[in-house]
Amino acid sequence: ENYTQQISQLQKANTELADSNVQLKQKMVVQQAFSKGLEEEKDSLSNKYQDELSQISEAKDQLEDKVTKAQRLYTDRIYANGVKVKKNNKQIYTDNTKKTDQIEVCFDLMPNPSIEEPSQEVMLRIINPEGVTLALGSSGSGKLTLKDTGQEVQYSTKKQIDYKPKKKEKHCVYWQQDIEYTEGTYNAEIYHSGLMIGNTTFDLKNKIF
């Protein structure tokens, strides 16, 4: 009888252990499913926030771009010429490479009330007939980053101008070098805040006289 009771108790305990084991496995399955659900929800929220951050960043860039364009300078016309400087400092236009002492690039700036800062910086880039930007460190040459493409390009020189936001005014930038200019067609470009605001071409010829 004692053995029978012990066996009965052992069977009962074994059944209880089996039930507990089943319940534990069920809890583990539920816990794993819950953890997986939390992980998926975390990933979903992370992707959602990443998308929202990307949209916010894109909207910010677009807003900054609009502000930059709203506060940019605009040119009405632009022209360039070779210049001969006489002894009395009088300047005359020339297209002779041998007589050209400097290059003059002039342009009219249009009124823009959105610009509050009177001091504005413009960059002049002169590209010679071979496609090379005229540049010299002692003449104020440097590099600028284009706003639209992020590309870095060389500019020839720069100038600080006194801008009148309510008045159309003419401004000129000069480039001078010691070596003789080559013959051919040159391209002159004016930049402000990383944006090209005007460009023109001009010719210099290799003349005997």
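Right above here is the structure, for reference.
All values reported here derive from a predicted model rather than from experimental measurement.

Asks: I tried to follow the overall build of the protein chain on my own but got confused; where do I start?
Replies: If you tally the helices and strands in the protein chain, you get one helix and ten strands. The helix and strand sequence of the protein chain, counted from the amino end, reads α-β-β-β-β-β-β-β-β-β-β. Of the contacts formed within the protein chain by residues at least 6 apart in sequence, a portion of 65% connects residues at least 24 apart. Split by element, the accessible area of the protein chain, about 14400 Å² in all, is 49% carbon and sulfur. Between the mean site of the 29 positive side-chain charges and the mean site of the 31 negative ones, the protein chain shows a separation of 10 Å.

Asks: Please clarify how the sheet that holds strand 8 (residues 169-176) should be interpreted in this entry.
Replies: Strand pairing in a sheet is mediated by backbone hydrogen bonds. Such pairs are either parallel or antiparallel. With antiparallel pairing, the four strands of this open sheet are ordered in space as 2-1-3-8. Whereas interior strands pair on both sides, the edge strands pair on one side only; in this sheet they are strand 2 (91-94) and strand 8. Geometrically, the sheet is characterised by an average inter-axis angle of 40° between neighbouring strands, direction not taken into account.

Asks: For this particular structure, what's the right way to read the state of the cysteines?
Replies: Note on terminology: a disulfide is the covalent bond linking the sulfur atoms of two cysteines. Counted under the stated rule, the structure contains one disulfide. The disulfide bridge from cysteine 106 ends at cysteine 172, spanning 2.0 Å between sulfur atoms. Between cysteine 106 and cysteine 172, the S-S dihedral sits near 105°, and the bridge is therefore right-handed. Taken together, the residues span a long stretch of sequence, with cysteine 106 in strand 3 (residues 102-109) and cysteine 172 in strand 8 at a distance of 66 residues. Since its relative accessible area comes to 1%, cysteine 106 is described here as buried. On the basis of relative accessibility, which here comes to 12%, the residue cysteine 172 falls in the buried class.

Asks: Would you mind going over the nonpolar core with me for this structure?
Replies: The nonpolar side chains of a soluble globular protein tend to be buried with one another. The biggest cluster of nonpolar side chains holds 23 residues, and the ones touching the most others in it are Leu73, Ile103, Val105, Leu124, Ile126, Ile190 and Phe202. Those elements that place two or more of their residues in this core are strand 1 (75-85), strand 3, strand 4 (119-127), strand 8, strand 9 (184-192) and strand 10 (195-204). Broken down by element, this core gets its largest block of residues, four residues, from strand 3. In this structure, isoleucine 126 is in contact with Ile103, Val132, Thr133, Leu134, Ser156, Trp175, Tyr186, Asn187 and Phe202, ignoring residues within four places of it in sequence. Leu144, Leu146, Val153 and Tyr155 belong to the second largest nonpolar core, which has six residues in total.

Asks: Hey, could you run me through the layout of surface pockets in this one?
Replies: One simple way to see leftover space: roll a probe sized like a water molecule over the atoms. Approximately 180 Å³ is the volume attributed to the largest pocket. Of the residues assigned to the lining of the largest pocket, the class counts are seven nonpolar, three polar and two charged.

Asks: In this structure, what is going on with the packing of aromatic side chains? I would like to understand it.
Replies: A ring pair, where both rings are aromatic, is described by two values, the distance of the centres and the angle of the planes. Using the criterion set out here, one finds one aromatic pair in the structure. Seen from their ring centres, tyrosine 186 and phenylalanine 202 are 5.2 Å apart, and the 15° between their planes marks the pair as stacked. One end of the pair, tyrosine 186, is in strand 9; the other, phenylalanine 202, is in strand 10, and 16 residues separate them in sequence. Overall, the relative accessible area of 1% leaves tyrosine 186 in the buried class. The class for phenylalanine 202 is buried, based on a relative accessible area of 6%.

Asks: I would appreciate a short explanation of the pairing of strand 4 in the present structure.
Replies: The side chains of a regular strand alternate between both faces of the sheet. Of all nine residues that make up strand 4, seven are buried, and the element is covered over most of its length. Pairing analysis gives six bridges linking strand 4 to strand 7 (residues 157-162), with the strands arranged antiparallel. Counterpart to leucine 124 in the pairing with strand 7 is threonine 157. Summarising the sheet, strand 4 and strand 9 pair through five bridges and their orientation is antiparallel. Residue pairing across strands places leucine 124 opposite isoleucine 190, the latter belonging to strand 9.

What counts and how
- Residues numbered from 1 in each chain as written.
- Predicted model: local features only at pLDDT ≥ 70, side-chain atom pairs only at ≥ 80, totals over all residues.
- Heavy atoms only, no water.
- Helix = DSSP H or I, 4+ residues; strand = E, 2+ residues; numbered from the N terminus.
- Contact = heavy atoms within 4.5 Å.
- Areas by Shrake-Rupley, 256 points an atom, 1.4 Å probe, with all protein chains shown as cover.
- Lys, Arg positive; Asp, Glu negative; His and termini not counted.
- Charge placed at Lys NZ, Arg CZ, Asp CG, Glu CD.
- Pairing = 2+ DSSP bridges.
- Axes fitted to C-alpha atoms, helices over the stretch in contact; angles between N-to-C directions.
- Disulfide = S-S within 2.5 Å.
- Buried < 20%, exposed > 50% of the residue type's maximum accessible area, 1.4 Å probe, protein only.
- Core = buried A, V, L, I, M, F, W, Y, C linked by side-chain atoms within 4.5 Å.
- 1 Å grid on protein atoms, 1.4 Å probe; cavity = no way out; pocket = protein on both sides within 12 Å on 5 of 7 lines; lining within 4 Å.
- Points joined across faces, edges and corners; volume = space filled by probe spheres on them.
- Nonpolar A, V, L, I, M, F, W, Y, C, P; charged D, E, K, R; others polar.
- Phe/Tyr/Trp six-rings, centres within 6.5 Å; stacked < 30°, edge-to-face > 60°.

Such coordinate-based values are descriptive only and should not be taken to indicate function.
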